[in-house]
Amino acid sequence: MGATRPHVLVVGAGFGGLSATRALAGLPVDVTVVDRNNYHGFWPLLYQVATAGLSADDIAHSVRSIVRDERNVQVRMAAVESIDLDARHVELDDGHRLAYDYLVLAAGTVPADFGVPGVADYAFTLKTLPAAVRLRDHVLRQFERAARDPSLVDQGALTVVIAGGGPTGVELAGAFVELFHVVLAKDYAGVGLGRARVVLVEMGDHLLPGFSVASQQEARHVLESRGAGVRVGTAVGSITADGVHLTDGGFIPSATAVWVAGVRANPIADALGVEQGRGGQVTVAPDLSLPGHPEVFVIGDLAGFVGKDGKPLPQVAQVAIQGGRRAAKNIAARLRGRPTRAFHYKDKGIMATIGRRSAVAELPLGLRFDGTLGWLAWLVLHLLYLVGVHNRVSVLTSWAWNYVTWDRSNRIIIGLDEEEGKPDG
Ligand SMILES: Cc1cc2nc3c(=O)[nH]c(=O)nc-3n(C[C@H](O)[C@H](O)[C@H](O)COP(=O)(O)OP(=O)(O)OC[C@H]3O[C@@H](n4cnc5c(N)ncnc54)[C@H](O)[C@@H]3O)c2cc1C
């Protein structure tokens, strides 16, 4: 690497960081991408890991292998602990310090419990691969417990309560219902699986906020017709070791509460001492730079960016991918002494799968698909965006197998949840 070239440090190898890194690869800069993990995670399929449809390796790809052909890119596996904007360096958890000329911050979000009692102690979340495997382990353990003592079913051993009726909550609920009533029903005959329940709780009046009314109704109808309970207009008030208390006074005995009701900015944003908006997102200038620090760009879920309609951009993969490209182009512009350009998000639509042969997809130009067509659109797009040929082949093979055999092969307990009832991550 040339010693005199500007050093661009990219924090996070998620959708935003990876997109920025790829776009920076052809520029006269040296790039270091730092991530706490050695892989890029494809979070839209995380719920399938939690519900035994896919294995963890199917949806993750080694960062080093993704960028190995880029001669100006280095990878560092470490967690960034703090950032000194004035001195222009970051401190890593391995005790090292990395200086930069340009910084791209793409560290994403973490689950937010909004102060609801018991979430931190008793609820599972779904933001990381270990969290997904832990949830799968835990649920499968409950079936083993119920097989030993079927009376536990009445105490909620086989009841999963999901807090948050957005796409992740809907996808999880649909997948758990299929896992319970189609797959595990064959493994645990005689356990009383008719009493296994999946309940989705949404504080607002409709599932899938942000989708059209038709999609919201479709999601509810499909989930209920497949056996899931849907509670809208009530929130999770607290979670205890025994179950979930709702704000309408109801109580659902449950051994498994899953909290997918909200996220907030990665805590590294809090220590920057800059303006933060909703959910701790870092307020950025129109060109995605940090006000007062033209050498720093913040992208993806971490960035608080207001779109053309005056609303904050959604926290979705396309915003991060497009933002990564814009940040790289703006760094290129700065290198050439040219003005940077504002970020314009091109909306490519939203979609959520509800279960086998059922999804809703709302695409640009008013195109809307549901049912089998929506599901096929969902499958194809997710396969296209998955990184790595091996991952694509593996996911496609698993999906084909699951579809044809009505099976979900990854229902092994690998032991991440040895202290039962103590979720972590
Ligand atoms: C379960 C789930 C389902 C989703 N489904 C969809 C969907 O269907 N469609 C869609 O468009 N979006 C979906 N999203 C949202 C989408 O994944 C995010 O909008 C997108 O990942 C944001 O990209 P990002 O680069 O900002 O953050 P991320 O992709 O989350 O990447 C952040 C990276 O930073 C790393 N990191 C974090 N902290 C540190 C640190 N201190 N030091 C070093 N590295 C660090 C992380 O390991 C991670 O690799 C989903 C998200 C989740 C969690």
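See the structure above.
Residues numbered from 1 in each chain as written. Predicted model: local features only at pLDDT ≥ 70, side-chain atom pairs only at ≥ 80, totals over all residues. Heavy atoms only, no water.

The next thing to look at is the sheet that holds strand β22 (residues 293–298). On the basis of which strands lie adjacent, the open sheet formed by 6 strands has the order β5-β2-β1-β9-β22-β21 and mixed pairing. If you trace the sheet from one side to the other, it starts and ends with β5 (73–77) and β21 (289–290), each paired once. As paired elements, strand β9 (residues 102–105) and β22 share 3 bridges and run parallel to each other. In the strand pairing of β22, Val-104 is matched with Phe-297. Set on the sheet, helix α1 (residues 15–24) makes contact with β1 (7–11), β2 (30–35), β5 and β9; between it and β1 the angle comes to about 160°. Along the sheet face, helix α8 (residues 317–335) touches β1, β9 and β22 and points at about 165° away from the line of β22. (Pairing = 2+ DSSP bridges. Helix = DSSP H or I, 4+ residues; strand = E, 2+ residues; numbered from the N terminus. Contact = heavy atoms within 4.5 Å. Axes fitted to C-alpha atoms, helices over the stretch in contact; angles between N-to-C directions.)

Moving on to the nonpolar core. If you look at the biggest cluster of nonpolar residues, it comprises 68 residues, and the most contacted ones within it are Leu-45, Ile-162, Phe-176, Phe-180 and Leu-223. The element contributing the most residues to this core is helix α6 (residues 167–187), with 10 residues. The residues touching Leu-45, leaving out its near neighbours within four places in the chain, are Leu-54, Ile-59, Trp-378, His-382, Leu-386, Val-395 and Trp-399. Membership of the second largest hydrophobic core comes to 56 residues, among which are Val-10, Val-11, Ala-269 and Ile-331. (Core = buried A, V, L, I, M, F, W, Y, C linked by side-chain atoms within 4.5 Å. Buried < 20%, exposed > 50% of the residue type's maximum accessible area, 1.4 Å probe, protein only.)

Looking now at the site of the ligand. As a structural note, the neighbourhood of the ligand is formed by 29 residues, with Gly-16, Asp-35, Val-80, Asn-266 and Asp-301 the closest of them. Between an oxygen atom of the ligand and a main-chain N or O atom of Gly-16, the distance comes to 2.8 Å. The side chain of Asn-266 places a nitrogen or oxygen atom 2.8 Å from a nitrogen atom of the ligand. Relative to its unbound accessible surface of 1000 Å², the ligand loses 89% to contact with the protein. For the shell around the ligand, the elements supplying multiple residues, two or more each, are α1, β2 and α8. Split into classes, the residues belonging to the shell around the ligand amount to 15 nonpolar, 10 polar and 4 charged. (Near = heavy atom within 4 Å. Polar contact = N/O pair within 3.5 Å; in protein donor to acceptor, adjacent residues only side chain to side chain. Areas by Shrake-Rupley, 256 points an atom, 1.4 Å probe, with all protein chains shown as cover. Nonpolar A, V, L, I, M, F, W, Y, C, P; charged D, E, K, R; others polar.)

With respect to the secondary-structure elements, Met-203 resides in the loop between β13 (197–202) and α7 (213–225). In the structure, Met-203 is positioned 32 residues away from Ala-235 in sequence and 4.4 Å away in space, judged by C-alpha atoms. Those residues in contact with Met-203 that sit more than four places away from it in its chain are Gly-233, Thr-234 and Ala-235.

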